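Each chain is listed here by its residues.
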Amino acid sequence: MRILLISDIHANVTAFEAVLAHSEGQWDFVWCLGDVVGYGPDPNQCVELLQTLPQLCLAGNHDWAALNRLDVKTFNPDARRAAEWTQATLTPENTRFLEHLPVTFVIGDYTLVHASPREPIWEYILEPAIATLNFPHFETPYCFVGHTHQPVIYTLPDESGNAESNLPKYNEAYALNGRRQIINPGSIGQPRDQNPKAAYGILDMTSGIFEHRRIPYDIRSVQRRMLEHNLPERLITRLEHGL
Ligand code: ZN
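Residues numbered from 1 in each chain as written. Predicted model: local features only at pLDDT ≥ 70, side-chain atom pairs only at ≥ 80, totals over all residues. Heavy atoms only, no water.

**Considerations on the packing of aromatic side chains**
Between two aromatic rings, the relevant description is the distance of the centres plus the angle of the planes. Going by this rule: Within 6.5 Å between ring centres, the rings of Phe, Tyr and Trp (the latter by its six-membered ring) count as paired, and their orientation is classed by plane angle as stacked under 30 degrees, edge-to-face over 60, tilted in between. Counting from the N terminus, the helices are the DSSP runs of H or I reaching at least four residues and the strands are the DSSP runs of E reaching at least two. Only protein chains enter the accessibility calculation, which uses a 1.4 Å probe; a residue is then buried when its area is under 20% of its type maximum, exposed when over 50%, and partly exposed in between. Two thresholds decide whether a charge sits over a ring: the Lys NZ or Arg CZ must be within 6 Å of the ring centre and within 35 degrees of the ring normal.
A complete count under the given rule lists six aromatic pairs for this structure. Measuring from ring centre to ring centre gives 5.8 Å for Tyr 110 and Phe 144, while their planes differ by 25 degrees; the resulting arrangement is stacked. Of this pair, Tyr 110 sits in strand β5 (residues 110-113) while Phe 144 sits in strand β6 (residues 142-144), and the two are 34 residues apart along the sequence. Taking the relative accessible area as the measure of exposure, Tyr 110 reaches 4% and is therefore buried. A cation over an aromatic ring shows up here: Arg 238 above the ring of Tyr 39, its NZ or CZ 5.9 Å from the ring centre.

Here it is as structure tokens:
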């Protein structure tokens, strides 16, 4: 079974379509780690496109914001404006899809969450010290997370040691080696590692091979739609910088 691993689409259907076209014929099932909506101009299109695929999707903090399940006043002003626009724009059917997303999922050797195993909606795993604290909070060898929009692999050397972090090598097979790992495939719709290309991963569950990938997409067309919908300027410009 080959898995298309995606996260943080953030209502960017152009990047989402580019990833699907680029990976066509190379996977059997989709694992989506949440934040399907929020920030971008295409919340309905992204929810609808996702539902045409054989998929399992988890809830992210921006999906919850769209449902009013968390207080958008805790967001920064730009994210809040985008969240309120998303709430007003989502159709009732697409809102219902988001309502039913699970917060964690365990399948075989893999735990799936949006943010972190101990705080599945909220916590940012941005450094090895935070990753280290999260290893006791899942039981499988491997955990896939999104949320930070930064592709990375955290590995626990042994049960007493601290996690080490490694940046992925793109388009190269990476063998999951039995050491416990927390892996972030990166964000499709709003990368934040100073690389504007859409990020995703392919996992071969049979051979235990994972591959991080980056691909270009038509950023300008997304920015034009954001402008048309009067979405915050900072959110529009950050797409071309990958910040
Ligand atoms: Zn996100």
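**Some remarks on the sheet that holds β6**
To keep things clear, this is the line we draw: Two strands pair if DSSP finds at least two bridges between them. Angles run from 0 to 180 degrees between N-to-C directions of axes, and those axes are lines fitted to C-alpha atoms, restricted for helices to the stretch in contact.
If you trace the six strands from one edge of the open sheet to the other, you get β4-β5-β6-β10-β7-β8, paired in mixed fashion. With one partner strand each, in any of the chains shown, β4 (104-107) and β8 (164-166) form the two edges of the open sheet. Within this sheet the neighbouring strands show an average axis-to-axis angle of 20 degrees, counted without direction. Summarising the sheet, β6 and strand β10 (residues 181-184) pair through three bridges and their orientation is parallel. Across the sheet, residue Phe 144 finds its bridge partner in β10, namely Ile 183.

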